[in-house]
Amino acid sequence: MNTQSTIYNILIFKTNIKTEEDKHKIAPLLDALLSIRRWTVDCEDCDCVLRIESDNLTEDEIIKLIQQGGFTCEVLND
Amino acid sequence: MRTRDENKEQIVRQKAIEMIVQEGLDGFSMQKLAKASGVSPATLYIYYKDKDDLILKLGVEEGKRMSDATLQGFNPDLPFAEGLRIQWHNRARFWLENPQANYCFEQLRHSAHRDKIHASIQDNFAEIMGKFVKKAIQNGELSPMPIEVYWSIAFAPLYNLIRFHNEGRSMGGKPFIFSEDIMNQTLALVLKALKP
């Protein structure tokens, strides 16, 4: 069990990054950002959830970036 | 900043086990699990990056819980009969108190995560068990035999009694309830079989 009560910022988005191919398209944009520690897309999920672990990026910055890559991206709210 | 909530995490884990038991690995999804746990999908994704990640972490945690429970009060230097008795009590308690964990492990055993989960359980568990058996053979308390034969005699009878108990029936549908008496009687026969 992870006893850490707080970990670095995790940002969660709903996208239309549906396939591995889509993921490859978006990968260079996300990989280029050094402030992203790790990113994953759950293509199995109906919301194609993009999950970003980062220290200092904001949700708006990510949304802009993904939209520039040609995909939709919005904050997945609690 | 999003934070982790240990309570919520515990609920999510419990619900995930229930869902895996009831619907299998294919039947459950992050969305369904979020709904069943009363958390939003967004919250679930804070804890786990996807379904596979969740299954793997769950398996590793359950495996650790199981091996910790099994090793409680046990040490490999104990006389063989005493050590095995403690093992039986620990294993019986864990599996009787966590019947769902059993079905869950069954599912995970057939999944692609098997090796990774196994590796995490094996950590010191196999080492301690190995030491116990080796020492017992050296001391003339246990007949030398392949590990598979040893396990099949030493533990499979206990797991079978627990299976009968969980099903509520033994052969031919005869009602069955596990008891300490039944366990001790079986253990005595097992010890007899393993003695040189």
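J.: Which residues make up the overall build of chain A, and what are the values?
T.: Tallying secondary structure elements over chain A gives two helices and four strands in all. Beginning at the N terminus, the succession of helices and strands in chain A can be written as β-α-β-β-α-β. Looking at chain A alone, contacts between residues at least 24 apart form 62% of all its contacts between residues at least 6 apart.

J.: Could you give an account of the overall build of chain B, with specific residues and numbers?
T.: Counting its secondary structure elements, chain B contains 10 helices and zero strands. In chain B, the order of α-helices and β-strands from amino to carboxyl end is α-α-α-α-α-α-α-α-α-α. Within chain B, the fraction of its 196 residues that count as buried is 21%. Summarising the internal contacts of chain B: among those between residues at least 6 apart in sequence, 64% fall at separations of at least 24.

J.: Give me the lowdown on the sheet that holds strand S3 (residues 49–54) of chain A, citing residues and values where you can.
T.: All names here are of chain A. Reading across from one edge, S2-S3-S1-S4 is the order of the four strands in this open sheet, with antiparallel pairing throughout. Looking along the sheet, the strands with just one partner apiece sit at the ends: strand S2 (36–42) and strand S4 (73–75). The sheet shows a mean angle of 30° between the axes of neighbouring strands, direction not considered. Across six bridges, S2 lies against S3 in antiparallel orientation. Residue pairing in the sheet places Asp-42 in a bridge with Val-49 of S3.

J.: If you had to explain the confidence of the model for chain B to someone new, which residues and values would you point to?
T.: All names here are of chain B. For chain B, per-residue confidence averages 89 on the pLDDT scale, and residues scoring 70 or more make up 96% of the total. When pLDDT is averaged over each element of chain B, helix H10 (residues 180–194) comes out on top at 97 and helix H6 (residues 99–109) at the bottom at 79. This prediction of the complex comes with two scores: 0.75 for pTM and 0.75 for ipTM.

J.: Lay out the nonpolar core with the relevant residues and their values.
T.: Membership of the largest hydrophobic core comes to 36 residues, with the highest contact counts inside it found for A:Ile12, A:Phe13, A:Val49, A:Leu50, B:Leu44 and B:Tyr45. Dropping the residues within four chain positions of it, A:Phe13 is found in contact with A:Val49, A:Leu50, A:Ile62, A:Cys73, A:Glu74, A:Val75 and A:Leu76. If you look at the next biggest cluster of nonpolar residues, it comprises 12 residues, including B:Phe80, B:Ala136, B:Ala154 and B:Leu161.

J.: Can you lay out the pairing of S3(A) for me, pointing to particular residues and giving the numbers?
T.: Residue and element names in this part refer to chain A. Burial of S3 is extensive: five of the six residues sit out of reach of the surface. Relative to S3, strand S1 (residues 9–15) runs antiparallel, the two being bridged by five bridges. Bridge pairing in S3 links Phe-13 to Leu-50. From the end of S2 to the start of S3, which pair antiparallel, there are six residues, and Cys-48 there has a positive phi angle of about 40°.

J.: Give me the lowdown on unusual backbone geometry, citing residues and values where you can.
T.: Note on backbone geometry: most residues besides glycine have negative phi, and most peptide bonds are trans. Residues and elements named next belong to chain A. Its identity is not glycine, yet Cys-48 carries a phi of approximately 40°, on the positive side. Looking at where Cys-48 falls in the secondary structure, it is placed in the loop between S2 and S3. For Cys-48, a count of 21 C-beta atoms within 10 Å corresponds to the buried category.

J.: Break down helix H9 (residues 156–167) of chain B for me, with residues and values.
T.: Given 3.6 residues to a turn, an α-helix orients residues that are three or four positions apart in the same direction. Across its 12 residues, H9(B) extends 16 Å between first and last C-alpha, which sits within 8% of the 16 Å expected from 1.5 Å per residue. Downstream of H9(B) by one or two residues, B:Gly168 has phi in the positive range, about 80°.

J.: Tell me what's going on with the packing of helix H1 (residues 6–27) of chain B against helix H4 (residues 51–70) of chain B, and back it up with residues and numbers.
T.: All names here are of chain B. In contact at an axis separation of 11 Å, H1 and H4 are set at 105° when each is read in the N-to-C sense. If you check the angle between H1 and H4, you find them roughly perpendicular. For the pair H1 and H4, the contacting residues are Arg-13, Ala-16, Ile-17 and Leu-25 in the first and Leu-54, Ile-55 and Leu-58 in the second. Residue composition of the contact of H1 with H4, grouped by class: six nonpolar, no polar and one charged.

J.: Lay out the packing of H4(B) against helix H5 (residues 80–97) of chain B in plain terms, naming residues and giving numbers.
T.: For the pair H4(B) and H5(B), interaxial distance at closest approach is 8 Å and the crossing angle is 140°. For the pair H4(B) and H5(B), contact is made by B:Met66, B:Ala69 and B:Thr70 and by B:Gln87, B:Asn90, B:Arg91 and B:Phe94, respectively.

J.: Let's hear about the environment of A:Leu30: which residues, and what values?
T.: Residue and element names in this part refer to chain A. With respect to the secondary-structure elements, Leu-30 resides in helix H1 (residues 20–31). Among the residues examined, Leu-30 registers 20 C-beta atoms within 10 Å and is labelled buried. Among all residues touching Leu-30, those that are not within four sequence positions of it are Ile-36 and Trp-39.

What counts, and where the lines are drawn
- Residues numbered from 1 in each chain as written.
- Chains lettered and ligands numbered in written order.
- Predicted model: local features only at pLDDT ≥ 70, side-chain atom pairs only at ≥ 80, totals over all residues.
- Helix = DSSP H or I, 4+ residues; strand = E, 2+ residues; numbered from the N terminus.
- Contact = placed C-beta atoms within 7 Å.
- Buried ≥ 20, exposed ≤ 12 C-beta atoms within 10 Å, placed from the backbone.
- Pairing = 2+ DSSP bridges.
- Axes fitted to C-alpha atoms, helices over the stretch in contact; angles between N-to-C directions.
- pLDDT = per-residue confidence, 0-100.
- Core = buried A, V, L, I, M, F, W, Y, C linked by C-beta atoms within 7 Å.
- Expected span 1.5 Å × (residues − 1).
- Parallel < 35°, antiparallel > 145°, perpendicular 65-115°, else oblique.
- Nonpolar A, V, L, I, M, F, W, Y, C, P; charged D, E, K, R; others polar.

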